[in-house]
Amino acid sequence: MNISSYIEIINSAIVSAAHPPAPDPAQFKPTSVMALFLFNREPALLFIQKADREGYAWRNQMAFPGGHVEQTDASAKQAAFRELYEETGILSENVQYIGSLGHFQTLKNRDIQAFTGIWNQKDDIVFETEEISRVLEIPFETLLKTHRKNGYAGHRPGVKELTYPYEDVVIWGVTAQIVHHLIEVVGDI
């Protein structure tokens, strides 16, 4: 399949799907992330691994680029693009925006609105090593195989059981919930 066919399938699936709604805003602090697809030969998703720093709340965790919605951000979407640039150096004009994947809540009262798009790979990835240890491209097919093998298709296990291991890392927590939802929506591409 060619890249434009993959993009059409992904775009159509995400735009037409139902996504988790926003919770009561009084109970959660708003956060945004950007789940980016990229294509070399096959579709992949871009992840960051948080820095391995003693005392760092997100030490070694896998995540999509993102962060808190600031008062200066015009919207959650704008916050996601700002954080994407701050964390990876990827410019918004190099992302074909698709839409929101909905809202996902953490155990620490954060509401994460996940957005998605397709990165054209025209930027050089740059990041601060105090916050991020590395950026990984994980093949979508690898995540899909784990999804099927672990019996996640059609239902979502509890937060502690839902994991997506890849090489020497494990995607878990709210990031795994977003991956789960994205796989359920997009399916076998």
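Up top is the structure.
### Quick notes on the pattern of salt bridges
In this structure the tally under the stated criterion is 7 salt bridges. A salt bridge links R59 to D52, with the shortest nitrogen-to-oxygen separation between them at 2.6 Å. A relative accessible area of 35% places R59 in the partly exposed class. Between D168 and R134 there is a salt bridge, with its nearest N and O atoms 2.8 Å apart. Separated by 34 residues along the polypeptide, D168 in the loop between strand 8 (164-166) and strand 9 (169-171) and R134 in strand 7 (residues 132-139) bring together distant segments of the chain. For D168, a relative accessible area of 57% puts it in the exposed group. A residue is classified by how much of its surface remains accessible, and R134, at 26% relative accessible area, is partly exposed. Because the salt bridges share partners, they merge into one network encompassing D73, R82, E83 and E86.

### Description of the pairing of strand 5 (residues 95-105)
Where strand 5 meets strand 6 (residues 110-119), 9 bridges bridge the pair, whose relative direction is antiparallel. Within strand 6, the position partnered with Q96 by the bridge is I118.

### Quick look at the packing of helix 1 (residues 3-16) against helix 4 (residues 173-186)
Put simply, helix 1 and helix 4 touch, their axes get as near as 8 Å, and they point 105° apart. In terms of orientation, helix 1 lies roughly perpendicular with respect to helix 4. Along its contact with helix 1, which presents I10, A13 and I14, the element helix 4 presents L182, V185 and V186. Considering only residue class, the contact of helix 1 with helix 4 consists of 6 nonpolar, no polar and no charged.

About the cut-offs
- Residues numbered from 1 in each chain as written.
- Predicted model: local features only at pLDDT ≥ 70, side-chain atom pairs only at ≥ 80, totals over all residues.
- Heavy atoms only, no water.
- Salt bridge = Lys/Arg side-chain N within 4 Å of Asp/Glu carboxyl O.
- Buried < 20%, exposed > 50% of the residue type's maximum accessible area, 1.4 Å probe, protein only.
- Helix = DSSP H or I, 4+ residues; strand = E, 2+ residues; numbered from the N terminus.
- Pairing = 2+ DSSP bridges.
- Axes fitted to C-alpha atoms, helices over the stretch in contact; angles between N-to-C directions.
- Parallel < 35°, antiparallel > 145°, perpendicular 65-115°, else oblique.
- Contact = heavy atoms within 4.5 Å.
- Nonpolar A, V, L, I, M, F, W, Y, C, P; charged D, E, K, R; others polar.

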